[in-house]
Amino acid sequence: MEHVSQEVHGKTLSRVERNAVVAAVSAVAMRCRIERTTARLRTRVSIRRQRELVHHVMAAPDCVSMSESIIQLCAAMSSGVTPRATPRWWMRRRTGGTWEDLRKMDDTSDEYYKEKLRMSPRVFMEIVEALSPLLQRWVTFYRVPLQPDHIIAYALYRWASGETYESSTSAFGIGRASGLIAVEDVTRALLRVYSDKIVWPTGMRRTLVLRAFEAKGFPNCYGCIDCMHIYVDKPANAPSENYFDRKHHFSIVAQVVVDLDLRITDVFVGYPGSFHDIRVLQLSSLWARAEEGDLFRGAPVVLPFGVRTHGYILGDNGYPPLEWIVMPYGGTDQIPDEERFDNKQKVARGAVERAFGRLKGMWRFFLRTHKTNMDTLP
């Protein structure tokens, strides 16, 4: 009897446990179903909200403009410039060419720089560092502006090669108008930054110049003067007959003074090619300074035959006999002293001819006839 009672009690317990397990499993399944349903509802609500937001934004152009303005303003505040927009369809893409070869900086870059720019990469980078503050471009809504090193490299290449704007600009991947502006901007920047490179000798430099000319037999001499012609096409914005020189070319006269180291100490350029050297001298600032006594301020020196002078320069027979310009005697029937003097004067004065030759050999821009603007050429 007791054994039967225990068996009945065990069956009752196992039934209760089974019911408890079933209830627990059912609760877990219900909980998972509820969580899944809740997640679906949240996803649907999120998608619906996103669609409604996109619909409202697309229906409101002012909101789009305001959003773009806020993004551009944030970018400008972080970078310091106004961000550019997508290039317009009429803006032609820039190509590579010579400029891309100059940027590579490999083992052959030294020779390539000297061939294309007439200088080493080190000198080029020094010039770029000095001129960059004056050649920075603003970022516009069209495309990225030309960088200072690109602008300087093009101007130097233009002067070194003497190519036309059409040819040289294509080699640097820029337009003709950009090339014209680049040359003018680089010229102004060079004259501003390196204004102390073309100056009349003073101080220690004057002592060295006077000593060098004295060794050639010309004490108290400051340099040699001569003129050269820069050939141009027939001017369009000026009377062409004024620029027609004696060699039947259109040209501009450049008056230059150099020392024995071929350093240019004074330059005056801009008058038409039909002007004689004497007329150009009389119109130059060199003439005004010499006549006012501001050019030769050194101690007076007594030359042979009792000639007393504060200074002078050497010129050819195209210049008038002046107190501060020493010319050769010239002629065919000369006495030995005159012939010896003319030979020495010609040797010393040859420095200005060598300077012209080196200038034209290095910057072949001066060897060719080219189009130019008479207002900006000087």
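Residues numbered from 1 in each chain as written. Predicted model: local features only at pLDDT ≥ 70, side-chain atom pairs only at ≥ 80, totals over all residues. Heavy atoms only, no water.

For the protein, an unreviewed UniProt entry supplies the name DDE Tnp4 domain-containing protein and the organism Chara braunii. Comment text from UniProt for the protein, heading Cofactor (unreviewed entry), reads "a divalent metal cation". Its UniProt record gives the protein the following Sequence similarities (unreviewed entry) comment, quoted word for word: "Belongs to the HARBI1 family." (UniProt positions renumbered as here; feature names shortened; annotations may be inferred.)

## Details of the overall build of the protein
A count of helices and strands for the protein gives 12 helices and 7 strands. Looking at the 378 residues of the protein, the share that counts as buried comes to 32%. Contacts in the protein between residues at least 24 apart in sequence constitute 60% of all its contacts with a sequence separation of at least 6. When the accessible surface of the protein is split by element, carbon and sulfur atoms take 56% of a total near 24400 Å². (Helix = DSSP H or I, 4+ residues; strand = E, 2+ residues; numbered from the N terminus. Buried < 20%, exposed > 50% of the residue type's maximum accessible area, 1.4 Å probe, protein only. Contact = heavy atoms within 4.5 Å. Areas by Shrake-Rupley, 256 points an atom, 1.4 Å probe, with all protein chains shown as cover.)

## A few points about unusual backbone geometry
The phi dihedral of Arg-118 is positive, around 65 degrees, even though this residue is not glycine. Topologically, Arg-118 is positioned in the loop between helix H4 (109-117) and helix H5 (121-131). Note on Arg-118: relative accessible area 24%, which makes it partly exposed. In this structure, His-248 is a non-glycine residue whose phi angle is positive, near 65 degrees.

## So, the packing of aromatic side chains
All told, the structure shown has 14 aromatic pairs when counted by the stated rule. Between Tyr-157 and Phe-172 the ring centres are 5.1 Å apart and the planes differ by 50 degrees, which places this aromatic pair in the tilted class. In this pair, Tyr-157 is assigned in helix H6 (residues 148-161) and Phe-172 in the loop between helix H7 (165-171) and helix H8 (176-193), connecting sequence segments 15 residues apart. An identical accessibility class is assigned to Tyr-157 and Phe-172; each is buried. Ring pairs connect the aromatic residues Trp-200, Tyr-222, Trp-287, Phe-296 and Trp-324, which therefore count as one cluster. Between Arg-158 and the ring centre of Tyr-165, over which it is positioned, the NZ or CZ distance is 4.0 Å. (Phe/Tyr/Trp six-rings, centres within 6.5 Å; stacked < 30°, edge-to-face > 60°. Lys NZ or Arg CZ within 6 Å of the ring centre and 35° of its normal.)

## Concerning the confidence of the model for the protein
For the protein, mean pLDDT is 80; residues scoring 70 or higher make up 79% of the total. Contacts for the low-pLDDT stretch residues 80-93, under 50 throughout, to residues beyond four places or in other chains number 32 contacts. (pLDDT = per-residue confidence, 0-100.)

## Details of the packing of H6 against H8
It is the contact of H6 with H8, at a shortest axis distance of 9 Å, that shows an interaxial angle of 95 degrees. Regarding the angle of H6 to H8, the classification is roughly perpendicular. Residues Ile-151, Ile-152, Tyr-154, Ala-155, Arg-158 and Trp-159 of H6 touch H8, and the partners they reach there are Gly-179, Ala-182, Val-183, Val-186, Thr-187 and Leu-190. Tallied by class, the residues present in the contact of H6 with H8 amount to 9 nonpolar, 2 polar and 1 charged. (Axes fitted to C-alpha atoms, helices over the stretch in contact; angles between N-to-C directions. Parallel < 35°, antiparallel > 145°, perpendicular 65-115°, else oblique. Nonpolar A, V, L, I, M, F, W, Y, C, P; charged D, E, K, R; others polar.)

## Focus: H6
With 14 residues, H6 extends 20 Å from end C-alpha to end C-alpha; this agrees with the ideal 20 Å at 1.5 Å per step. Counting buried positions along H6 yields 13 of 14 residues, so the element is predominantly enclosed. A positive phi of about 75 degrees marks Gly-162, the residue just after H6. (Expected span 1.5 Å × (residues − 1).)

## Details of the pairing of strand E3 (residues 264-272)
Where strand E2 (residues 251-258) lies against E3, 7 bridges are found, and the strand directions are antiparallel. The partner of Ala-254 across the bridge, within E3, is Val-269. The loop that links E2 with its antiparallel partner E3 comprises 5 residues; one of these, Leu-262, has a positive phi angle of about 65 degrees. (Pairing = 2+ DSSP bridges.)

## Some details on the nonpolar core
Leu-117, Phe-124, Ile-152, Leu-156, Trp-159, Phe-172 and Val-186 are the most contacted members of the largest nonpolar core, which totals 30 residues. When contributions to this core are tallied by element, the ones reaching two or more residues are helix H3 (98-102), H4, H5, H6, H7 and H8. Broken down by element, this core gets its largest block of residues, 9 residues, from H6. Ignoring sequence-local partners within four residues, the contact set of Trp-159 consists of Val-183, Val-186, Thr-187, Leu-190, Trp-363, Arg-364 and Phe-365. Core analysis: the next-biggest nonpolar cluster, separate from the first, contains 25 residues, Val-232, Ala-254, Ala-348 and Phe-356 among them. (Core = buried A, V, L, I, M, F, W, Y, C linked by side-chain atoms within 4.5 Å.)

## Describing the sheet that holds strand E7 (residues 325-326)
Spatially, E3-E2-E1-E6-E7 is the arrangement adopted by the 5 strands of the open sheet, whose pairing is mixed. Either end of the sheet is taken by a strand with one partner, and the two such strands are E3 and E7. Sitting on the sheet, helix H9 (residues 203-215) is in contact with strand E1 (221-231) and strand E6 (312-314), with an inclination near 90 degrees to E1. Packing of helix H11 (residues 285-292) onto the sheet brings it into contact with E1, E2, E3 and E6, and relative to E3 it is tilted by some 125 degrees.

## Section: the pattern of salt bridges
Per the counting criterion, the structure on display carries 10 salt bridges. As a salt-bridge pair, Glu-166 and Arg-176 come within 2.9 Å of each other at their nearest N and O atoms. Separated by 10 residues along the polypeptide, Glu-166 in helix H7 and Arg-176 in helix H8 bring together distant segments of the chain. Judged by relative accessible area, which is 37%, Arg-176 ranks as partly exposed. The salt bridge partner of Arg-289 is Asp-266, with a shortest N-O separation of 3.9 Å. A residue pair is termed long-range when its members are at least 10 positions apart, and Arg-289 in helix H11 and Asp-266 in strand E3 qualify at 23 residues. Under the relative-accessibility criterion, Asp-266 is labelled buried at 6%. (Salt bridge = Lys/Arg side-chain N within 4 Å of Asp/Glu carboxyl O.)

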